[in-house]
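# Observations on chain architecture
Now for the letters of each chain:
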Amino acid sequence: MFRFEHVTVAGDRRPRLDDATGTVPPDGITVLAGPSGSGKSTLLRCCNRLELPTAGRVVYRGQDVAEQDPLRLRRRVGMVFQRPTPFPGTVRANLLVAEPTLDDGDAVHALEAVGLDASFLGRTAADLSGGEAQRVCLARTLVTRPAVVLMDEVTSSVDPAARLGLENLARGLAETAVNVVWVTHDLDQLRRLADHVLILIRGRVAHAGPAATLEADSPPDVRRFLAALAVDDEVDEP
Amino acid sequence: MTDIGWVGLGISASLVAVAVALSLWRQLGLERSIAWSAVRALAQLLVIGLVLDALLQPGVSSAWAWLWVALMLLIAAWTVARRAPAVPGLFQLALTAFATSAILTLGVLFGFGVFTVNVRTIVPLAGLMIGNSMAATVLVARRLVEELHDKRDEIEARLALGQPAEEAARPYVRNALRTALSPQIETTKVVGLIALPGSMTGLILAGVDPLNAVRVQAAVMYLILGSVAATTTVVGLGVRRRLFTRDHRLVPVAEAG
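As the structure is a computational prediction, the values presented were derived from the model and not from experiment.

## Focus: the packing of helix α4 (residues 90-111) of chain B against helix α5 (residues 119-150) of chain B
Residues and elements named next belong to chain B. The interhelical angle for the contact between α4 and α5, taken along N-to-C directions, is 140°, at an axis separation of 10 Å. Here α4 lies oblique to α5, going by the angle between them. In this structure, α4 meets α5 at a crossing whose hand is right-handed. When α4 is examined against α5, the residues Leu90, Ala94, Ala97, Phe98, Ser101, Ala102, Thr105, Leu106 and Leu109 are found in contact with a partner set consisting of Leu125, Ala126, Met129, Ile130, Ser133, Thr137 and Ala141.

## Describing the confidence of the model for chain B
Residues and elements named next belong to chain B. When pLDDT is averaged across chain B, the result is 90; 97% of the residues are at 70 or more. Across chain B, helix α6 (residues 152-160) holds the top mean pLDDT of 95, while helix α8 (residues 198-205) sits lowest at 81. Predicted complex, confidence summary: ipTM 0.91, pTM 0.84.

## A closer look at unusual backbone geometry
All names here are of chain A. The backbone phi angle of arginine 61 is positive, close to 45°, even though this residue is not glycine. Within the fold, arginine 61 resides in the loop between β4 (55-60) and β5 (63-64). For arginine 61, a count of 15 C-beta atoms within 10 Å corresponds to the partly exposed category. Residue alanine 177 is not a glycine yet carries a positive backbone phi of 70°. Take alanine 177: it is sitting in the loop between α6 (160-175) and β8 (179-184). The class of alanine 177 is exposed, set by 10 C-beta atoms lying within 10 Å.

## Regarding the interface of chain B and chain A
If you look at the interface, chain B gives 13 residues, while chain A gives 19 residues. Split by residue class, the side of chain B that touches chain A holds 5 nonpolar, 2 polar and 6 charged.

## As for the sheet that holds strand β9 (residues 196-201) of chain A
All names here are of chain A. The 6 strands lie next to each other as β6-β7-β8-β3-β9-β10, forming an open sheet whose pairing is mixed. The outermost strands of the open sheet, each flanked by one partner alone, are β6 (77-80) and β10 (204-210). Taken over all neighbouring pairs, the strand axes of this sheet differ in orientation by 15° on average, direction set aside. Note that β6 and strand β7 (residues 148-152) share 4 bridges and pair parallel. Among the inter-strand pairings, valine 77 is bridged to a residue of β7, identified as valine 148. Its contacts with the sheet put helix α5 (residues 130-142) on β6 and β7, and the angle it makes with β6 is roughly 170°.

## Details of helix α3 (residues 91-98) of chain A
Residues and elements named next belong to chain A. Restricting attention to buried positions, one finds in α3 the residues Val91, Asn94, Leu95 and Ala98. In an axial view of α3, the angular spread of the buried residues amounts to 95°, which keeps them on one side of the axis. Of the surrounding secondary structure, the elements contacted by the buried residues of α3 are α4 (104-113) and α5.

## Regarding the environment of B:Asp247
Within the fold, B:Asp247 resides in the segment after α9 (210-243). C-alpha of B:Asp247 to C-alpha of B:Val228: the two residues are 19 residues apart in sequence and 31 Å apart in space. Sequence-distant contacts of B:Asp247, that is, excluding residues within four places in its chain, are made with A:Arg49 and A:Pro70.

## Some details on the nonpolar core
Counting residues in hydrophobic clusters, the biggest one holds 130 residues, and the most contacted among them are A:Leu32, A:Met151, A:Val181, A:Trp182 and B:Ala141. Tallying contributions element by element places α5(B) first for this core, with 15 residues. Not counting chain neighbours up to four residues away, the residues in contact with A:Met151 comprise A:Val80, A:Ala170, A:Val180, A:Val181, A:Trp182 and A:Val183.

Reading guide: rules and limits
- Residues numbered from 1 in each chain as written.
- Chains lettered and ligands numbered in written order.
- Predicted model: local features only at pLDDT ≥ 70, side-chain atom pairs only at ≥ 80, totals over all residues.
- Axes fitted to C-alpha atoms, helices over the stretch in contact; angles between N-to-C directions.
- Helix = DSSP H or I, 4+ residues; strand = E, 2+ residues; numbered from the N terminus.
- Parallel < 35°, antiparallel > 145°, perpendicular 65-115°, else oblique.
- Left-handed = near helix turned anticlockwise from the far one by under 90°.
- Contact = placed C-beta atoms within 7 Å.
- pLDDT = per-residue confidence, 0-100.
- Buried ≥ 20, exposed ≤ 12 C-beta atoms within 10 Å, placed from the backbone.
- Nonpolar A, V, L, I, M, F, W, Y, C, P; charged D, E, K, R; others polar.
- Pairing = 2+ DSSP bridges.
- Arc of directions from axis to C-beta.
- Core = buried A, V, L, I, M, F, W, Y, C linked by C-beta atoms within 7 Å.

Given below as structure tokens:
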């Protein structure tokens, strides 16, 4: 689906991505994990051309994204951000930003697809809870009928129930042939969701492969990172 | 015609002494600023008066007046750029905006013969137009940069939905323009109710028939309203063009200072 070829993105003090090379397979959920500051969001933003690499290239379906029409590319490669980004106005108005020709029937259908009912249509988007707003953002992205959805730590600002809800939605999308690239630094979430894994460390792809063989195949720095995450998770548990 | 004479000017300057005295009494520490501003204003006005006097001599070409206008445009653009340093390339933008606005507003007033084109009209009308547009120009530039900085996530979410930069930025450009235009609209609404505007007061004091003064003042207000709208729009759209790339990405925006 995506191929990263020596992707470098310059940063203030050090490169945010430093010669990252790897692939996102064209099926299921690929989890992009790594310590904070390792370039996960930057790599994701390069996939729909919100950023362009300083060097190297990101290839989507065989073609360099830098050579594709950014507006069409972004409707094929949707994105949901870390913090919910409701636009001013109602939920309906939010959906109409994504697809101005959407009628109420389609809008209700879009909401149902993310587990919200028709009563949300008239509600002010800014008044929703974090989890609800994030679902609206996902619905808004899905009405553009993307082939891939990039999800950048979308559960980092929602409660545990909403977190599981969003994970299930991602799983549901992957089953309906919409690819998902999911960024996280939550090891349990990685284990629950990942079909494929791409681990970034200090701006480089340290490991890429099937989730099943993650621990067995990964190099020492990836195992150190996973061990550190496991400790974090234990500390987090009540 | 009223002439207050140098003595009259001197007596009125005693009011500056009142301001200085109040500052001393309340320990505001503003005495030097007050005195300096009063002296500076007088010096500037005297220079302008002398230059105008020279320009108004019979036989002087109006080209000099246009040269003066060009100089005012440069100074205004420089001042605006200095007051909003976070906005990239604001000098050229402001210069374009003031020039566009000058062509539009003076074009209407002179083109349709509302005022006759001569040194006596060119310099003061251009001065009013530019002087009154400056604050709104600074405001729109700062406000837009602030909006694009604060609402970055929201704007990128719009871009990620495949909206072109122009469309994604529209609500924020609109907010910035509304903010910048509102003070002038409010001022225009209450003109005459709260304060008599400067041009009209000056004309009446100088002995012009009040109704005539009102007509001139209204024309001046419309000139200002039109020029504020034109300059802010040009600057707003210009800033937007500078802060998005051709391939519809939002460039990193510094916090407006």
